[in-house]
Amino acid sequence: MDIISEVELKQIKGGFSSKALWVGLASFITFLVGALDGYLRPLSCNK
């Protein structure tokens, strides 16, 4: 394991991306719409 300086630590890039934010937001909206649809318009299972 290498010990790196504070300057090298500040040069490290990575982690957050705007694509991850949009995917997370779209997933949440899709879940919310599905939950609302299921609550407001419940359908029975056809067996």
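Structure first, text after, so check above.
Residues numbered from 1 in each chain as written. Predicted model: local features only at pLDDT ≥ 70, side-chain atom pairs only at ≥ 80, totals over all residues. Heavy atoms only, no water.

Chemist: Talk me through the overall build of the chain; I want residue IDs and the actual numbers.
Modeler: From N to C terminus, the chain includes two helices and zero strands. When the backbone C-alpha atoms are referred to their principal axes, the chain occupies close to 65 × 20 × 15 Å. Taken over 47 residues, the chain has a buried fraction of 0%. Carbon and sulfur atoms form 66% of the exposed surface of the chain, whose accessible area is close to 5100 Å². Seen as two clouds, the 5 positive and the 4 negative side-chain charges of the chain have centres 18 Å apart. (Helix = DSSP H or I, 4+ residues; strand = E, 2+ residues; numbered from the N terminus. Buried < 20%, exposed > 50% of the residue type's maximum accessible area, 1.4 Å probe, protein only. Areas by Shrake-Rupley, 256 points an atom, 1.4 Å probe, with all protein chains shown as cover. Lys, Arg positive; Asp, Glu negative; His and termini not counted. Charge placed at Lys NZ, Arg CZ, Asp CG, Glu CD.)

Chemist: How would you summarise the environment of Phe28 if you had to cite specific residues and measurements?
Modeler: Tracing the chain through its elements places Phe28 in helix H2 (residues 18–40). Measuring from C-alpha to C-alpha, the distance between Phe28 and Ile12 comes to 30 Å, with 16 residues separating the pair along the chain.

Chemist: Can you lay out the pattern of salt bridges for me, pointing to particular residues and giving the numbers?
Modeler: Summed over all chains, the structure comprises two salt bridges. Between Arg41 and Asp37 there is a salt bridge, with its nearest N and O atoms 3.1 Å apart. For Arg41, a relative accessible area of 48% translates into the label partly exposed. For Asp37, a relative accessible area of 36% puts it in the partly exposed group. (Salt bridge = Lys/Arg side-chain N within 4 Å of Asp/Glu carboxyl O.)

Chemist: Explain a nonpolar patch on the surface residue by residue, including any values.
Modeler: Taken together, the side chains of Trp22, Leu25, Phe28, Ile29, Leu32, Val33, Leu36, Tyr39 and Leu40 define a hydrophobic patch exposed on the protein surface, amounting to about 1000 Å² of accessible area. Counting through the fold element by element, Val33 comes out in helix H2. By relative accessible area, Val33 is classed as exposed at 53%. (Patch = residues over 30% accessible without salt bridge, like charges linked within 9 Å, V, L, I, M, F, W, Y side chains within 5 Å.)

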